[in-house]
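So you can see what is in the structure, the chains are spelled out below.
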Amino acid sequence: MLEMTCEEFEELVAEALDRIPPELTRLMDNVAVFVEDEPSADDPDLLGLYEGTPLTDRGEWYAGVLPDRITIYRGPTLRMCESREDVVAETEVTVVHEIAHHFGIDDERLHELGYG
């Protein structure tokens, strides 16, 4: 397994977020991004997870709720990658994938776009 500290991985996630175009990040609303070592035992190979209400599903009722949560998992990413460059690329794909869920884009469409 490729070795990378939590801090190094968090920095890669931050860099991936910085590469999201500003016109999209300005539209993101009430969402927080976290890095964790491992997903639940139910899905040990999960690279990222979006939990919340996509922007496309929010209505007048949406007020005073906790932020949506995007979690990027370090362990599965490091296990599947062979080099630091692979980790950089996979982290960027995972971050974009989870942000796309925040915008209401489903997995099928993300796979079509190459972010599966």
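We now turn to the structure provided with this report. (Residues numbered from 1 in each chain as written. Predicted model: local features only at pLDDT ≥ 70, side-chain atom pairs only at ≥ 80, totals over all residues. Heavy atoms only, no water.)

## Overview of the packing of aromatic side chains
Two measures describe an aromatic ring pair: the distance that separates the ring centres and the angle between the ring planes. According to the stated counting rule, one finds 1 aromatic pair in the structure shown. On the basis of an interplanar angle of 80° and a centroid distance of 5.6 Å, the ring pair of tryptophan 61 and tyrosine 62 is categorised as edge-to-face. Over the ring of phenylalanine 34 we find arginine 69; its NZ or CZ atom is 4.0 Å from the centre of that ring. (Phe/Tyr/Trp six-rings, centres within 6.5 Å; stacked < 30°, edge-to-face > 60°. Lys NZ or Arg CZ within 6 Å of the ring centre and 35° of its normal.)

## Focus on the pairing of strand 3 (residues 68-73)
Burial analysis of strand 3 places 5 of its 6 residues in the buried class, which makes it a mostly covered element. Bridging between strand 1 (residues 31-36) and strand 3 involves 6 bridges; their strand directions are parallel. Across the sheet, residue phenylalanine 34 finds its bridge partner in strand 3, namely threonine 71. Judged from the 4 bridges that link them, strand 2 (residues 48-51) and strand 3 form a sheet pairing that is antiparallel. By the bridge assignment, leucine 49 is partnered in strand 3 with threonine 71. (Buried < 20%, exposed > 50% of the residue type's maximum accessible area, 1.4 Å probe, protein only. Helix = DSSP H or I, 4+ residues; strand = E, 2+ residues; numbered from the N terminus. Pairing = 2+ DSSP bridges.)

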